[in-house]
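Chain by chain, the residues:
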Amino acid sequence: MLMENYVTLEFPSRSSNEGFARTAVAGFMLQLDPTLDEMNDVKTAVSEAITNAVVHAYPDHIGKIVMKLRVLDGNILELVVKDWGKGIENIQQAREPLYTTGGEERSGMGFTIMESFMDKLSVRSVPGRGTTVTMRKRISARLLGRK
């Protein structure tokens, strides 16, 4: 797949940076001329991915989160959220609706929400070394002359 454009952002795992990540992805997406629904879907998925890293990867300290955004051939937006935190012992279990390790206040719906708003979701994790969440969404081409 041909890569058309990209940006890489790095920030500490503070919950205040979740809003920054949403705004950054929204700004980056504008080049694809997304619908409002597409924009909101991606922003919601990014919120979930960043919140997972903040809450689960680094439950007792501040760590590093890297978010990579890429535009791929075919008007596909790819988002990668990577942390170097606790990692996930059982990815299949973690992707089950309502499963959480974050306590009563967590819904356990993060991966389910990401999966429902994006076209593709993959999760790679090594316990003690971190997690990489990769999501893709095809943005409808609305402009004349676009693929």
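Above this text you will find the structure in question.
All figures in this text were calculated on a predicted structure; none of them were measured in a lab. (Residues numbered from 1 in each chain as written. Predicted model: local features only at pLDDT ≥ 70, side-chain atom pairs only at ≥ 80, totals over all residues. Heavy atoms only, no water.)

> Report on the overall build of the protein chain, specifying residues and quantitative values.
Scanning the protein chain for helices and strands turns up four helices and five strands. Reading the protein chain from its N terminus to its C terminus gives the helix and strand order β-α-α-β-β-α-α-β-β. Burial analysis of the protein chain (147 residues in total) assigns 43% to the buried set. Relative to all contacts within the protein chain whose residues are 6 or more apart in sequence, the contacts with residues 24 or more apart total 66%. In the form shown here, the protein chain has an accessible surface area of approximately 8100 Å², with 50% of it arising from carbon and sulfur atoms. (Helix = DSSP H or I, 4+ residues; strand = E, 2+ residues; numbered from the N terminus. Buried < 20%, exposed > 50% of the residue type's maximum accessible area, 1.4 Å probe, protein only. Contact = heavy atoms within 4.5 Å. Areas by Shrake-Rupley, 256 points an atom, 1.4 Å probe, with all protein chains shown as cover.)

> An account of the side chain of aspartate 83 is requested, with residue identities and associated values reported.
Checked against the element boundaries, aspartate 83 lands in strand 3 (residues 76–83). Comment: no salt bridge for buried aspartate 83; closest opposite-charge side chain is lysine 82, at 7.1 Å. A distance of 2.9 Å separates a polar side-chain atom of aspartate 83 from the backbone nitrogen of glycine 85. In contact with aspartate 83, not counting residues within four places along its chain, are Ala53, Ala57, Tyr58, Lys64, Arg129, Gly130 and Thr131. (Lys, Arg positive; Asp, Glu negative; His and termini not counted. Salt bridge = Lys/Arg side-chain N within 4 Å of Asp/Glu carboxyl O. Polar contact = N/O pair within 3.5 Å; in protein donor to acceptor, adjacent residues only side chain to side chain.)

> Please set out the packing of helix 1 (residues 17–29) against helix 2 (residues 36–57) residue by residue, giving values where relevant.
Put simply, helix 1 and helix 2 touch, their axes get as near as 9 Å, and they point 145° apart. Remark: the crossing between helix 1 and helix 2 carries right-handed chirality. Mapping the contact onto sequence places Glu18, Ala21, Arg22, Val25, Ala26 and Met29 in helix 1 and Glu38, Met39, Val42, Lys43, Thr44, Val46, Ser47, Ile50 and Thr51 in helix 2. Grouping the amino acids of the contact of helix 1 with helix 2 by side-chain chemistry returns eight nonpolar, three polar and four charged. (Axes fitted to C-alpha atoms, helices over the stretch in contact; angles between N-to-C directions. Left-handed = near helix turned anticlockwise from the far one by under 90°. Nonpolar A, V, L, I, M, F, W, Y, C, P; charged D, E, K, R; others polar.)

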